[in-house]
Amino acid sequence: MIRIILSIVFVIICVALSAIILLQEGKSQGLGSIGGMADTYWGRNKGRSMEGKLEKFTKYGAILFFILSLVLNLNIL
């Protein structure tokens, strides 16, 4: 029973991670990053923006994805 629940959670995380990664913007900042112009309002307040939230979810989702894939492949459940 636990294996079925973990498998369902694993599939939901896989779909969510795919969608979240596709929603994120590219990281190319062009020549502005060379001259120090990358430190703008959006750069300083990135954690509070939608892009910052997407990055946090991607990081924690990837960690959870990795842990669940290991647990599901151990065959102890």
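Everything quoted here is computed from the prediction, not taken from an experiment.

1. A few points about the side chain of Thr58
At step 1: By the element assignment, Thr58 lies in helix H3 (residues 50-73).
At step 2: Here Leu54 takes part through its backbone oxygen, which lies 2.7 Å from a polar atom of the side chain of Thr58.
At step 3: Thr58 has contacts with Leu17, Ile20, Ile21 and Gln24, leaving out every residue within four places of it along the chain.

2. So, the nonpolar core
At step 1: By size, the foremost hydrophobic cluster in this structure holds 6 residues: Leu6, Phe10, Ile13, Leu17, Leu68 and Leu72.
At step 2: For this core, the secondary structure elements donating two or more residues are helix H1 (2-23) and H3.
At step 3: For this core, the leading source of residues is H1, giving 4 residues.
At step 4: With residues up to four places along the chain from it excluded, the contact list for Leu68 reads Leu6, Val9, Phe10 and Ile13.

3. A look at the packing of H1 against H3
At step 1: Between H1 and H3, the least distance of the axes is 9 Å, while the angle of their chain directions is 150°. Crossing angle aside, the handedness with which H1 passes H3 is left-handed. Together, Arg3, Leu6, Ser7, Val9, Phe10, Ile13, Cys14, Ala16, Leu17, Ile20, Ile21 and Leu23 of H1 and Leu54, Phe57, Thr58, Gly61, Ala62, Leu64, Phe65, Leu68, Ser69, Val71 and Leu72 of H3 make up the contact between the two elements.

4. As for the environment of Ala16
At step 1: Relative to the helices and strands, Ala16 resides in helix H1.
At step 2: For the pair Ala16 and Phe57, spaced 41 residues apart in sequence, the C-alpha to C-alpha distance is 9.5 Å.

5. Overview of the UniProt feature "transmembrane region" (unreviewed entry) in the protein
At step 1: Per the UniProt record, "transmembrane region" (unreviewed entry) is annotated on residues 6-23 and 57-76.
At step 2: Regarding residues 6-23, the helix share stands at 100% and the strand share at 0%, and the terminal C-alpha atoms are separated by 25 Å.
At step 3: Structurally, residues 57-76 comprises 85% helix and 0% strand, and the distance from its first C-alpha atom to its last is 28 Å.

6. Focus on the environment of Leu23
At step 1: Relative to the helices and strands, Leu23 is located in helix H1.
At step 2: Counting along the chain gives 28 residues from Leu23 to Glu51, while the straight-line C-alpha distance between them is 8.8 Å.

7. Remarks on the packing of aromatic side chains
At step 1: Inspection of every chain in the model, using the stated rule, returns 1 aromatic pair.
At step 2: Residue placement shows Lys59 over the ring face of Tyr60; its charged tip is 5.5 Å from the ring centre.

Conventions used here
- Residues numbered from 1 in each chain as written.
- Predicted model: local features only at pLDDT ≥ 70, side-chain atom pairs only at ≥ 80, totals over all residues.
- Heavy atoms only, no water.
- Helix = DSSP H or I, 4+ residues; strand = E, 2+ residues; numbered from the N terminus.
- Polar contact = N/O pair within 3.5 Å; in protein donor to acceptor, adjacent residues only side chain to side chain.
- Contact = heavy atoms within 4.5 Å.
- Core = buried A, V, L, I, M, F, W, Y, C linked by side-chain atoms within 4.5 Å.
- Buried < 20%, exposed > 50% of the residue type's maximum accessible area, 1.4 Å probe, protein only.
- Axes fitted to C-alpha atoms, helices over the stretch in contact; angles between N-to-C directions.
- Left-handed = near helix turned anticlockwise from the far one by under 90°.
- UniProt positions renumbered as here; feature names shortened; annotations may be inferred.
- Phe/Tyr/Trp six-rings, centres within 6.5 Å; stacked < 30°, edge-to-face > 60°.
- Lys NZ or Arg CZ within 6 Å of the ring centre and 35° of its normal.

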